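What follows is each chain in one-letter form.
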Amino acid sequence: MNFKYILNIVIILLTITVNAQDVATIKGKLVNENNEPIEGATIAVIGAAKGTISDKNGAYKLTIPANTEVKVGITFVGFEPITKTFQLKKNEVVEFSPIVRKSTTNIGEFELKEEKERISTMVKIQPNLASRFSSTSGSFEAILKTMPGVSSNNELSSQYSVRGGNYDENLIYVNDIEIFRPFLIRSGQQEGLSFINSEMVADINFSAGGFEAKYGDKMASVLDITYREPEEFSGSATLSLQGAQANFGGASKNHRFTHLSGVRYKTNRYVLSSLDTDGNYQPSFYDVQTYLTYDISEKWEIGFLGNFAQNKYKFIPSTRETEFGTINEALQLTVFFEGQEVDQFTTYFGAVSNTFRPKENVELKLISSFFASQEDEKYDIEGAYRIDELERDLSKDNFGDVKFNRGVGSFLDHARNRLDATIFNLEHKGKIINKKHTTFWGVKYQREMILDKISEWGIIDSTGYLTPHPADSVGYTDPNAQPTQLLELNEVLKSKIDLASNRYSGYLQRTWQWESDSVKYSTSFGVRANYWDYNNEFIVSPRGTFSIKPNWKHDYLFRLSGGVYYQPPFYREMRNFDGTINPDIKSQVSYQTILGSDHNFKAWGRPFKFTAEAYYKHMKNVIPYEIENVRIRYYAKNNANAYAYGTDLKVNGEFVKGVESWFSLSYMKTEEDLVDDYYYEYYNSDGEKIISGYTVNTKITDSIRIEPGYIPRPTDQRINASLFFQDYIPKLPSFKMHIALYYGMGLPFGPTNNHDRYKQVFRMPDYRRVDIGFSYHLKSDKKEFKGNNPIKYFKNIWISAEVFNLLQISNVISYQWVEDVTGRNYAVPNFLTSRQVNVKLHLDF
């Protein structure tokens, strides 16, 4: 496809002008019975495709057709819906600021947005909770880790696993545009800022599986974010020990033009100082993001979303001291380092959207987007290490000190890696809203260009002997008989890959809703298709959902969803451990079934909701992988079958009046069977199994072939529980507290030097963590400051203190494998952060 033609089409669409329709404006501020602003309420013309959402101050602005009668509805989850009829003149502006009252009832003609969310697998999250959520990473995604089915054992990273899937199996959309993440990141320390700016968010929807056909081709989850369109000038600023950010936005006098921008800076040097490895950490992450909209007419809106991000990570290690082992065998690893690591990840993103509404119930979109990532990874780090056994006899004076040395060695790691990725998208999508059904459709073209240069190697010298240990010349008297001496490296990656390909996809989906004998039904069915010209693979994915709300005394809803979820391989799935790509790679596929229900009820006179889902996934053509920290390395072969099943439970509501809290509990099991893997166990003449580094008699007399069968996948976290709880002092409601508790059963791990998946069946210690935060609302609409006090110029001022890892638990993220000359391997844990304190100041103006 010629990109000049595409560019011309986009320019034409951006420059066409149409006659403006006569319009009027409704604006106002939504507050509850306590005069507190309502953020995230939906305001829309009933039966029309376009609406708006109230901002954090409760303010909204809605443009409606003039000289005609329209009915406007206002809804918010857990509150009574409001409807009112307007007939305004051209350019007339009317203020409508009703009080939104709590209720669980519904109005027959205007269906609550809450009910629309209940019939699908999407869950709505309040934006204000996401922006104020305390976390070590400071990322928007931190709040997702408290959701059922979502797990993470790394507080430094924004990545998350959903129902046994890995990080690459999650879809993220901002304003209908798919978001990509950098490729070369190895650890949470390098990750930097998440794309999503929480201060710019208006609407959050999340599905842990069984999502609709209108979303893309991934196997795990979808996060759908909508940025807000400001109604008036406003802004915010945040300062903390982790960095700073500022956001501002506004609208023109006629409200046709809106702008929203944010600047963020983050440095986690303070947090990283608590890691086992001492050194000079110099992380620096910043980004600039903007969202612009312009209404050419009442029917046509143009939007632009842009982002520039640069993440720099420089690390000069000095020493490391880690104690590990058991009570019977207490060991200590001490490492002295030389060298440094310098990484830089620069991303550019831009998207132009055209939204055209020829009728009130019809919406057409044309979206073009561009993503570019320039990633550099450079390091030369030499380490001299010693492994010591510690004194474990409590009666000895030197208890806990070094008893004797087990061995010494050194290693040298080198890398000069560079990856340039460019992704271009052109997409059309639309929807038609009718009385009983809604139809969605879309087509998309994607161009991918990847240039990857890899130069990476490592060498290990254990007790004076290189591992792997080459043939030596000991005992040879004839120089000509000596074998060739080669320097064998522990691991070598040398490759240059230039890959370009095109993808074509589309979907068609329809949703029906009807009622019979006071029983409400809803069903949605859709189908996706995808073609990739690199491997000439064409796939079709049908998906569907059915829900029923019985006419019972209590409010229950039952839901069945599922379908076929293909995941076409992207570049990372194609690249093997040696740096080459597999041209015959195919899509992974997951057959999913999800049975769910939810129950709205009241306790202590306050609203609560209980949700439960059970699911089963059968996966074929699976590409096995290994995870180290946040780095995923694929085997680049469709040589496995897998399954996952589990149950997710959640109860949320006002445990404390006026604030929402929740508890999530999940059970999940996922395993895979590599169809072509096997290994041999060798036995000596004494009948003993030969174990390298332990068995004295190593003469092989017998062997047995072992086929491992199903083994746990790297994300097999059987039990996962989390709690998010909010409270405040009744006589001083401006002083608030929130606490987040996490528990996750230990993940599988094993030696990775030979990439034998069957060996990776050990378990890390369980992940346990408690974060707590205290905040004081210094300035709000209820607090007036007079005179020359500068505080009066701000709408809100929050001061907060946060304690991360309150209980000082040493959680393990991965293991460093150290090998001695006998071939014995030691798994040395890499611990995460210890207790840290953060102070934050937030201003709204």
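Broken down by element type, the protein carries six helices and 46 strands. Whereas a compact globule of 845 residues would reach a radius of gyration of roughly 28 Å, the protein reaches 29 Å, a difference of no more than 12%. The buried share of the protein, taken over its 845 residues, is 55%. If you sum the accessible surface of the protein, you get close to 37,300 Å²; carbon and sulfur atoms cover 55% of it. Counting 96 positive and 102 negative side-chain charges, the protein places the averaged centre of each group 8 Å from the other.

Let us now look at the environment of Pro568. Note on placement: Pro568 falls in the loop between strand E28 (555–567) and helix H6 (571–574). A C-alpha to C-alpha distance of 9.7 Å links Pro568 and Arg503, two positions 65 residues apart in sequence. Non-local contacts of Pro568, meaning those with residues more than four positions away in its chain, are made with Asp217, Arg503, Asn530, Ile539, Glu573 and Ser587.

The next thing to look at is the sheet that holds strand E12 (residues 177–178). The strand order E8-E13-E14-E11-E12 describes an open sheet built from five strands, whose pairing is mixed. A strand with exactly one partner marks an edge of an open sheet, and here the two such strands are strand E8 (123–125) and E12.

So, on to the pairing of strand E19 (residues 300–325). Sheet topology note: the strand E18 (residues 277–295)/E19 ladder contains 19 bridges and is antiparallel. Counted as the bridge partner of Gln289 is Asn307 from E19. Looking at chain direction, E19 and strand E20 (residues 330–356) are connected through 23 bridges and run antiparallel. Within E20, the position partnered with Glu323 by the bridge is Gln332.

Here the focus is the environment of Asn788. By secondary structure assignment, the location of Asn788 is in the loop between strand E42 (767–779) and strand E43 (796–804). Relative accessible area serves as the criterion here: at 77%, Asn788 is assigned to the exposed category. Between the C-alpha atom of Asn788 and that of Asn838, which follows or precedes it by 50 residues, the distance is 31 Å.

With that out of the way, let us pick up unusual backbone geometry. Of note in the backbone geometry, Asp517 takes a positive phi value of approximately 55° without being a glycine. Take Asp517: it is sitting in the loop between strand E25 (491–516) and strand E26 (519–532). With relative accessibility at 70%, the residue Asp517 sits in the exposed group. Phi at Trp604 is positive, roughly 55°, even though this residue is not glycine. With respect to the secondary-structure elements, Trp604 resides in the loop between strand E29 (588–603) and strand E30 (606–622).

Let us now look at empty space enclosed by the protein. Per the stated rule, a full pass over the model turns up 14 cavities of 30 Å³ or more. Here the second largest cavity defines a volume of roughly 270 Å³. What lines the second largest cavity is a set of 20 residues, and nearest its centre among them are Phe183, Leu184, Arg575, Arg631 and Ile632. Counting only elements with at least two residues in the lining of the second largest cavity, the list comes to strand E22 (402–433), strand E23 (437–462), H6 and strand E32 (631–634). Of the residues forming the lining of the second largest cavity, the biggest block, four residues, is contributed by E32. In terms of residue class, the lining of the second largest cavity is built from nine nonpolar, three polar and eight charged.

Time to look at the pattern of salt bridges. When charged atoms on two side chains of opposite charge get close, those side chains can pair. Within the structure shown, the criterion is met by 39 salt bridges. We note a salt bridge from Arg357 to Glu363, for which the minimum N-O separation is 3.1 Å. The exposure classification of Arg357 matches that of Glu363, with both residues buried. Through salt bridges with shared partners, a single ionic network connects Arg163, Arg559, Asp598, Glu613 and Asp648.

The relation between two aromatic rings is expressed through the spacing of the ring centres and the mutual angle of the planes. Going through the model one piece at a time under the given rule, you end up with 40 aromatic pairs. Geometrically, the ring pair formed by Phe308 and Tyr348 is tilted, given 5.3 Å between the ring centres and 50° between the ring planes. Note that Phe308 is positioned in strand E19 and Tyr348 in strand E20, a separation of 40 residues in sequence. Classification of Tyr348 as partly exposed rests on a relative accessible area of 33%. Taking 5.7 Å as the distance between ring centres and 15° as the angle between the ring planes, the aromatic pair formed by Phe601 and Phe608 counts as stacked.

Ordered in space as E4-E1-E7, the three strands form an open sheet in which the pairing is mixed. Looking at the sheet topology across the chains shown, the edges are occupied by strand E4 (59–65) and strand E7 (93–95). Between one strand and the next, the sheet's axes are offset by a mean angle of 20°, whatever the strand orientation.

Calculation notes
Residues numbered from 1 in each chain as written. Predicted model: local features only at pLDDT ≥ 70, side-chain atom pairs only at ≥ 80, totals over all residues. Heavy atoms only, no water. Helix = DSSP H or I, 4+ residues; strand = E, 2+ residues; numbered from the N terminus. Rg over C-alpha atoms; globule rule 2.2 N^0.38 Å. Buried < 20%, exposed > 50% of the residue type's maximum accessible area, 1.4 Å probe, protein only. Areas by Shrake-Rupley, 256 points an atom, 1.4 Å probe, with all protein chains shown as cover. Lys, Arg positive; Asp, Glu negative; His and termini not counted. Charge placed at Lys NZ, Arg CZ, Asp CG, Glu CD. Contact = heavy atoms within 4.5 Å. Pairing = 2+ DSSP bridges. 1 Å grid on protein atoms, 1.4 Å probe; cavity = no way out; pocket = protein on both sides within 12 Å on 5 of 7 lines; lining within 4 Å. Points joined across faces, edges and corners; volume = space filled by probe spheres on them. Nonpolar A, V, L, I, M, F, W, Y, C, P; charged D, E, K, R; others polar. Salt bridge = Lys/Arg side-chain N within 4 Å of Asp/Glu carboxyl O. Phe/Tyr/Trp six-rings, centres within 6.5 Å; stacked < 30°, edge-to-face > 60°. Axes fitted to C-alpha atoms, helices over the stretch in contact; angles between N-to-C directions.

Any functional reading would require information beyond the geometric quantities listed.
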